[in-house]
Amino acid sequence: MVTSSTTAHSATPATAKAAAEGPTADSPRRVTVLGSTGSIGCNTIDLIDRNRDAYDVVALTANGNVDALAEQALRLRPEVAVVADEDKYAALKERLAGSGIEAAAGCAAVTEAAARDADWVMSAIVGAAGLEPTLAAIRRGCVVGLANKETLVCAGALVMAEVEQHGATLLPVDSEHSAIFQVFDFDQAERVSRIVLTASGGPFREWERAAMETVTPAQAVAHPNWSMGAKISVDSATMMNKGLELIEAAHLFPVPEDRIEILVHPQSVIHSMVEYVDASMLAQLGTPDMRTPIAYALAWPARMSAPSPRLDLAAVAQLTFQAPDTERFPALRLARAALQSGGAVPTLLNAANEVAVARFLAGEIGFLDIARSVETVLERAGPMPLATLDDVAAADAEARRLAATVTPRARAAAE
């Protein structure tokens, strides 16, 4: 289940009508943005800026970008602004002095901000660091716009159990999962025959594997279609991002893993598809602009105007597709195997990938070494339990310890 039973579906006619109309100046929605200075966060802020009367901002959080956070806070006037890096607290407090906006710092303060009284929380913190704050929002039973796929990759079963227990609602913000959500008939889930996640293929879609040995960080972050942060851009280039989305989709939608497929679609116009037993295939189309799925989640169950460029299919002229190549992009194979193995393996996969991407961006390892590092960590870590959040933390820490010391270039000779 993506949503709990506590949604507009069970509302009275009057409240259902109000919900369908979405937030307004007469009935503004109280929102918190976790990771407000990142790519997703900034796009969320842009939409709120364009509809200022319909939203009251409760809290904004950032990792370490004090200047951007302070500028957002002084403009949107939240109750609190939080920087995760405790060393940046003094700078943030100084920037907000005299504004009446509370300043706070540290991971615990980020989680506390997520637990404040908001109707809707955007979870856009990159990586496993987003797990605890996202859970804090879920435990309040509010609506969570989920852009942090690592939350479900690391602890999918545990998180979805919390969603059910607390009556929360998860609205996927990844363009692919948002697309599926918009055309998935949850009342007839048994009539879905398969889900198709589309992938752009990234900047190296047509490169020979040998040529990818020399890929630089600058080349890897230059995505041909989407404007994203460095980490997710590298994940897109290795196609690990699509592997993580596969795991996320398995938790969000009641469809078995073997009926979730990946299809390379270079134009990034069809964002994903759902096929039904009668051979009908429903797809959500749009230009590659993250403000479209963010707007859908921000105004749900209504729709709001978004500044995204309108889709001109005549100008696009053709839509092409091809099967993914798991030999050139082994991250896809590793992610599916992790999903099939279950337990702590997806947690290990995610943590090892985060470390490997950081090492690549720092120039410590090569581009192809990212997937090699992840595979090495999975081989060395062995089976680990995953019954509690402490188990998640233990698996995450072990994978990071191993990934920090892997020297994967030695594996290349064997390929």
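Keep in mind it's a predicted model, so treat the numbers as computed, not measured.

Draft legend 1. Up close: the pattern of salt bridges. Under the defined criterion, the tally for this structure stands at 32 salt bridges. The partner of aspartate 117 in a salt bridge is arginine 140, with the nearest N and O atoms 2.9 Å apart. Within this pair, whereas aspartate 117 is found in the loop between helix H5 (107–114) and strand E5 (120–123), its partner arginine 140 is found in the loop between helix H6 (131–139) and strand E6 (143–146), the two being separated by 23 residues in sequence. Judged by its relative accessible area of 49%, aspartate 117 falls in the partly exposed class. Where arginine 400 meets glutamate 354, a salt bridge forms, and the shortest distance between an N and an O atom there is 2.7 Å. With arginine 400 in helix H17 (residues 389–403) and glutamate 354 in helix H15 (residues 345–361), the pair connects residues that are 46 residues apart, well separated along the chain. You can call arginine 400 partly exposed: its relative accessible area is 25%. We classify glutamate 354 as buried; its relative accessible area is 14%.

Draft legend 2. Representation of the packing of aromatic side chains within the structure. All chains considered together, the criterion is met by eight aromatic pairs. Between the aromatic rings of phenylalanine 181 and phenylalanine 186, the centroid separation amounts to 5.8 Å while the plane-to-plane angle is 55°, which identifies the pairing as tilted. When its relative accessible area of 10% is taken as the criterion, phenylalanine 181 is described as buried. Measuring from ring centre to ring centre gives 6.2 Å for phenylalanine 186 and phenylalanine 253, while their planes differ by 25°; the resulting arrangement is stacked. With phenylalanine 186 in the loop between helix H8 (175–183) and strand E8 (192–199) and phenylalanine 253 in the loop between helix H11 (240–252) and strand E9 (260–264), this pair connects stretches of sequence that are 67 residues apart. One aromatic cluster is present, built from ring pairs that chain together Phe181, Phe184, Phe186, Phe253 and Tyr296.

Draft legend 3. Structural view of the nonpolar core. Within the largest apolar cluster, 130 residues are counted, with the highest numbers of intra-cluster contacts made by Met122, Phe184, Leu349 and Phe367. No other element matches H15, which puts eight residues into this core.

Draft legend 4. Summary view of unusual backbone geometry. Residue proline 301 is bonded to the preceding tryptophan 300 through a cis peptide linkage, with omega at 10°. Within the secondary structure, proline 301 sits in the loop between helix H12 (291–299) and helix H13 (313–316). Although it is not a glycine, alanine 279 adopts a positive phi angle of roughly 80°. Using a relative accessible area of 60% as the deciding quantity, one classes alanine 279 as exposed.

Draft legend 5. Quick peek at H15. The first and last C-alpha atoms of H15 sit 24 Å apart over 17 residues, in line with the 24 Å expected at 1.5 Å per residue. The buried fraction of H15 amounts to 14 of the 17 residues, a majority that puts the element mostly inside the structure. Count one or two residues on from H15 and you reach glycine 363, which has phi positive near 80°.

What counts and what doesn't
Numbering of residues begins from 1 in every chain and follows the order in which that chain's sequence is written. Owing to the predicted nature of the model, reporting of local features is limited to residues with pLDDT of at least 70; listing and counting of side-chain atom pairs is limited to 80 or more, with chain, interface and lining totals taken over all residues. With hydrogens and water stripped out, all remaining heavy atoms of the structure feed into the side-chain values. The salt bridge criterion pairs a side-chain nitrogen of Lys or Arg with a carboxyl oxygen of Asp or Glu, the two atoms within 4 Å. Runs of H or I in DSSP of at least four residues are treated as helices and runs of E of at least two as strands, each being numbered from the N terminus. Only protein chains enter the calculation, and the probe is 1.4 Å; a residue is then buried if its accessible area is under 20% of its type maximum, exposed if over 50%, and partly exposed in between. Any Phe, Tyr or Trp ring, taking Trp's six-membered ring, that has another such ring centre within 6.5 Å forms a pair; planes under 30 degrees apart are called stacked, those over 60 apart edge-to-face, and the others tilted. What is meant by a nonpolar core is a set of buried Ala, Val, Leu, Ile, Met, Phe, Trp, Tyr and Cys residues, joined one to another through side-chain atoms within 4.5 Å. Here a helix's expected span is defined as the number of its residues, less one, multiplied by 1.5 Å.

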